[in-house]
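Structure assessment
What follows is each chain in one-letter form.
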Amino acid sequence: QVQLVESGGGLVQPGGSLRLSCAASGFTFSLYGMGWYRQAPGKERELVAHITKFGGTNYADSVKDRFTISRDNAKITVYLQMNSLKPEDTAVYYCNADLVLGIVVDSTTALFPWGQGTQVTVSS
């Protein structure tokens, strides 16, 4: 049974940092691309960052140069380092897996049921 468990969210002031983690189980993690997605109230879920099984990455324009996605296949975990956070980054953040070898632009390639996500709130 596939499980995706996100953690690391919280309340942070503008300009602050957070590191999200996604612990995966139930599939061969190293064979899949992994993405971070977010959904703000009243908005559709959107891609934040993606990393292929080979380590190639792509980011939403809104987070480029502020967020960094990485993965540790030994720990079966994908991370999202978020720096210089802005109020518009406030959302529930989710991870999911895919079989895309190139650029991911949205959540249509996500394969598994969504986890509970982790809430990120950026506010003073």
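See above for the structure.
First, a word on scope: everything that follows refers to the structure included in this document. (Residues numbered from 1 in each chain as written. Predicted model: local features only at pLDDT ≥ 70, side-chain atom pairs only at ≥ 80, totals over all residues. Heavy atoms only, no water.)

1. What about the packing of aromatic side chains?
To keep it simple, the criterion reads: For Phe, Tyr and Trp, rings pair up if their centres lie within 6.5 Å, where Trp contributes its six-membered ring, and each pair is then called stacked (planes under 30 degrees apart), edge-to-face (over 60) or tilted (otherwise). For helices the rule is a DSSP run of H or I covering at least 4 residues; for strands it is a run of E covering at least 2, with both sets numbered from the N terminus onward.
In total, this model carries 6 aromatic pairs according to the counting rule given. Aromatic side chains Tyr 32 and Phe 112 sit 5.8 Å apart centroid to centroid with 45° between the ring planes, which places their arrangement in the tilted category. Residue Tyr 32 is found in the loop between strand E3 (18-25) and strand E4 (33-39), and its partner Phe 112 is found in the loop between strand E9 (91-98) and strand E10 (118-122); the two are separated by 80 residues along the sequence. Linked through ring pairs, Phe 27, Phe 29, Tyr 32 and Phe 112 together constitute an aromatic cluster.

2. What about the sheet that holds strand E8 (residues 77-82)?
Threshold: Only when DSSP finds a minimum of two bridges between them are two strands counted as paired. Angles run from 0 to 180 degrees between N-to-C directions of axes, and those axes are lines fitted to C-alpha atoms, restricted for helices to the stretch in contact.
Read from one edge to the other, the open sheet built from 4 strands follows the order E1-E3-E8-E7, with strand pairing classed as antiparallel. Each edge of the sheet is formed by a strand with only one pairing partner; in this case those strands are strand E1 (3-7) and strand E7 (67-72). Along the sheet, successive strands turn relative to each other by an average axial angle of 15°, direction set aside. Here E1 runs beside E3; their pairing, made up of 5 bridges, is antiparallel. Residue pairing across strands places Glu 6 opposite Cys 22, the latter belonging to E3.

From the geometry alone we can't say anything about function, so treat these as descriptive.
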